[in-house]
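Report on the structure
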Amino acid sequence: MEVYIITPFPDSIKTLIDNNIANQGLKKGHLSIEIVNLRDFTTDNYKKIDDEPYGGGSGMVMMCEPLFGAIEYCISKSEKKPKIIFPSPKGKVLNHSLSSNLSTESSLIFICGHYKGVDERVIEKYVDFEISIGDFIISNGELSTMIIFDSIVRLVPGVLNDINSALTDSFVDDLLDAPYFTRPSEIDGLKVPDVLLSGDHKAIEKWRNDKKLELTKDRRPDLLEKD
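Residues numbered from 1 in each chain as written. Predicted model: local features only at pLDDT ≥ 70, side-chain atom pairs only at ≥ 80, totals over all residues. Heavy atoms only, no water.

A tally of helices and strands in the protein yields nine helices and nine strands. Its C-alpha atoms put the protein at 70 × 40 × 40 Å along the principal axes. Burial status across the protein gives 37% buried among its 227 residues. Restricting the contact set of the protein to residue pairs at least 6 apart, pairs at least 24 apart contribute 76%. With the model as given, the accessible surface of the protein reaches about 13600 Å², and the carbon-plus-sulfur share is 50%. (Helix = DSSP H or I, 4+ residues; strand = E, 2+ residues; numbered from the N terminus. Buried < 20%, exposed > 50% of the residue type's maximum accessible area, 1.4 Å probe, protein only. Contact = heavy atoms within 4.5 Å. Areas by Shrake-Rupley, 256 points an atom, 1.4 Å probe, with all protein chains shown as cover.)

Here we come to unusual backbone geometry. For the peptide bond that leads from Arg183 to Pro184, omega is 0 degrees, which places it in the cis range. You can see Pro184 is positioned in the loop between α7 (163–167) and β8 (186–187). Of note in the backbone geometry, Lys47 takes a positive phi value of approximately 55 degrees without being a glycine. Relative to the helices and strands, Lys47 resides in the loop between β2 (32–37) and β3 (50–51). At Tyr115, a residue that is not glycine, the phi angle is positive and equals roughly 60 degrees. Along the polypeptide, Tyr115 turns up in the loop between β6 (107–111) and α5 (120–125).

Time to look at the packing of aromatic side chains. Per the counting criterion, the structure on display carries three aromatic pairs. On the basis of an interplanar angle of 75 degrees and a centroid distance of 5.3 Å, the ring pair of Phe68 and Tyr126 is categorised as edge-to-face. Placement of the pair is Phe68 in helix α3 (residues 64–77) and Tyr126 in the loop between α5 and β7 (129–132), with a sequence separation of 58 residues. The partly exposed category is assigned to Phe68, whose relative accessible area is 24%. On the basis of relative accessible area, Tyr126 is assigned to the buried category, the value being 10%. Seen from the ring of Phe9, Arg39 lies directly overhead, with NZ or CZ sitting 5.6 Å from the centre. (Phe/Tyr/Trp six-rings, centres within 6.5 Å; stacked < 30°, edge-to-face > 60°. Lys NZ or Arg CZ within 6 Å of the ring centre and 35° of its normal.)

It is worth spelling out the environment of Ser185 at this point. Within the secondary structure, Ser185 is located in the loop between α7 and β8. With 70 residues separating them in the primary sequence, Ser185 and Tyr115 have C-alpha atoms 50 Å apart.

If you want it as structure tokens, here you go:
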């Protein structure tokens, strides 16, 4: 998978990627990532990327021209037609199914938003997916981009050492995952459930499935109400 990340703060993305599972995918050759500095596509001495909104109001809006230039640059570099993602509270809420579908794409472009967002014409002209990370607002488009990015690239074959680990995560089967334990078997009077020490794989699988259902009913009953 080719990934392009357009950002006015490239160092913050580089730091996040250097400490992300994606770094493993890069070393194995399953991913290529280019961090594109939005300010390289400005035309003024101040490298201005935002301006006041038409119609008035508070806040600033990211301008078309630098984003058009950065997006066209990414498209020209990509070997395949990329899907373009803009993290936005107005988008479809991120879930495992969406991430899984996007993990099969050959090329992705992410746009890191700031301020009041981007000029709507950027979305009209280029964006394929507006994706929300939840019903809240953060001030840093790099963080929301990396959440979406991480949820996708960890599902790209070969990125994780053991893909079965991802296939048993919460939400894969619309259930929360079961609890996990490791050594020691007892600490401060807290013991690992006997069934997990039994070596009986069928009993262990049943226990985990029961726990998944129990936790989902208790904490996320809405997941069980899906059609």
